[in-house]
Amino acid sequence: MNTTCRKFAGCLAVAFATLLPATPPATASEGVAPPSADDLAAAVRVAGQPDAIGLARSNFRQVDRIEPRRITMGDRGIPVYTLNPDFVRGIAGAPAGVLSSIAVTATADSGRKATLQAMPDGPGKWVAASVFSGNDEETLSARLKPGSVLLNEPQINGWYELDPGGVVLLRASLPQSPVGAFVPLAEYQRQVRGRYADKLPGSDYQRDRGIGFTQQAVPPPGDSGLPVAIVAGLIAAGAGAGVVLVAMWRKRRLTPR
């Protein structure tokens, strides 16, 4: 078990991407599919298992340099969504976010917190996949209005409140819109399409080994029909006349399984 230092998903270079030919935008009426109550309960149970607590203990030991005598796992599962590649592509009806994990907060007896990510591992099964330092998911989800979900745009370390009508940026290391401002879903789709559509898997950018994320599909949990995936959006490494922004945001340390 090793620890990878990253700024949530790495230290990224971002450039302005060229627009692709027009494609039908995702409809603003489409919403994300929530996990079932059974899935939430299963993820929370997994977080309380000895191996999950051991994973949290490793994070506290390696990141915070503490050895907790006791670790308390939260009793609430927080659904975390990530930017949907099909939404970026402009596929009609594609929701803006797909479920990537269910977050459960781990608290050491010193008060330090970490976040365990439970991910689906076959029909009706969940596994403790990784632990991040801090409890961003818990604190940000507390700011959501009823009916909204927490959406992550990992390329900018961006966290949004997402509802069927649009998004509100809660926090980002490379904000592309004002924090707290409502952006209609059609406009948000236009924005992310301009940023990432030519950097998805199979693109020339990926073939040229551009900086960004690698697609890692995971199976949907049970029969809920959830479109579960880890987003495959990639970031441009600007060159020549490209404008390059380098983010050095707050470090979150990841202890992977």
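The shown structure was predicted, so the numbers you read here are calculated from the model rather than taken from an experiment.

**Quick word on the environment of threonine 139**
Next up, step 1: By the secondary structure assignment, threonine 139 is in helix α4 (residues 136-141).
Next up, step 2: At a separation of 3.1 Å, a polar atom in the side chain of threonine 139 contacts the main-chain carbonyl oxygen of aspartate 136.

**Details of the confidence of the model for the chain**
Next up, step 1: Counting all residues, the mean pLDDT for the chain is 76, and 68% of those residues have values of 70 or more.
Next up, step 2: Confidence, expressed as mean pLDDT per element, reaches its minimum in the chain at strand β2 (residues 13-14) with 26 and its maximum at strand β3 (residues 71-73) with 98.
Next up, step 3: Ignoring residues within four places in sequence, the model shows residues 1-29, a span with pLDDT below 50, making 100 contacts including any to other chains.
Next up, step 4: Across residues 211-251, where pLDDT falls below 50, the model places 125 contacts with residues more than four positions away in sequence or in other chains.

**Some points on helix α1 (residues 37-47)**
Next up, step 1: Listing the buried residues of α1 in full gives Asp39, Ala42, Ala43, Val44, Val46 and Ala47.
Next up, step 2: Elements that come into contact with the buried residues of α1 comprise α2 (50-64), β3, β5 (97-108), β6 (113-120) and β7 (126-133).

**Some points on the pattern of salt bridges**
Next up, step 1: Tallied over the entire structure, the rule returns nine salt bridges.
Next up, step 2: For glutamate 67, the salt bridge is made with arginine 57, and the minimal N-O distance between the two is 4.0 Å. Placement of glutamate 67 in the loop between α2 and β3 and of arginine 57 in helix α2 is noted, with a sequence separation of ten residues between them.
Next up, step 3: Note on glutamate 67: relative accessible area 47%, which makes it partly exposed.
Next up, step 4: A salt bridge links glutamate 161 to lysine 145, with the nearest nitrogen and oxygen atoms 3.2 Å apart. Of this pair, glutamate 161 sits in strand β9 (residues 158-163) while lysine 145 is found in the loop between α4 and β8 (149-153), placing the two residues 16 residues apart along the sequence.
Next up, step 5: Look at lysine 145 and you get partly exposed, because its relative accessible area is 45%.
Next up, step 6: Where salt bridges share partners, they join Arg57, Arg61 and Glu67 into one cluster.

**Topic: the packing of aromatic side chains**
Next up, step 1: Taken as a whole and judged by the stated rule, the model has two aromatic pairs.
Next up, step 2: Note on tyrosine 160 and tyrosine 188: the rings are 5.1 Å apart at their centroids and 55 degrees apart in plane angle, and the pair reads as tilted. One end of the pair, tyrosine 160, is in strand β9; the other, tyrosine 188, is in helix α5 (residues 185-196), with 28 residues separating them in the sequence.
Next up, step 3: On the accessibility criterion, tyrosine 160 (1% relative accessible area) is buried.
Next up, step 4: With a relative accessible area of 1%, tyrosine 188 lands in the buried category.
Next up, step 5: Put simply, the rings of Phe87, Tyr160 and Tyr188 touch in pairs and so form one group of aromatic residues.

Rules used throughout
Position labels on residues start from 1 in each chain and follow its written sequence. Local features are withheld for residues below a pLDDT of 70 in this predicted model, meaning they are given only at 70 or higher, and side-chain atom pairs are given and counted only at 80 or more; totals for whole chains, interfaces and linings count all residues. In computing side-chain values, all of the structure's heavy atoms are included and hydrogens and water are not. The helix count covers DSSP runs of H or I at least four residues long, the strand count covers runs of E at least two residues long, and both are numbered beginning at the N terminus. Think of a polar contact as two N or O atoms within 3.5 Å of one another; within protein, one of them needs to be a possible hydrogen donor and the other a possible acceptor, and neighboring residues in sequence only count if both atoms come from side chains. pLDDT expresses, on a scale from 0 to 100, how confident the predictor is about each individual residue. Contacts are assigned to residue pairs with any non-hydrogen atoms lying within 4.5 Å of each other. Think of it in three bands: residues with accessible area under 20% of the maximum for their type are buried, residues over 50% are exposed, and the middle band is partly exposed, with areas taken using a 1.4 Å probe on protein chains only. When a carboxyl oxygen of Asp or Glu lies within 4 Å of a side-chain nitrogen of Lys or Arg, that pair is called a salt bridge. Working definition: a ring pair exists when centres of Phe, Tyr or Trp rings (six-membered ring for Trp) sit within 6.5 Å. Plane angles under 30 degrees give stacked, over 60 give edge-to-face, the rest tilted.

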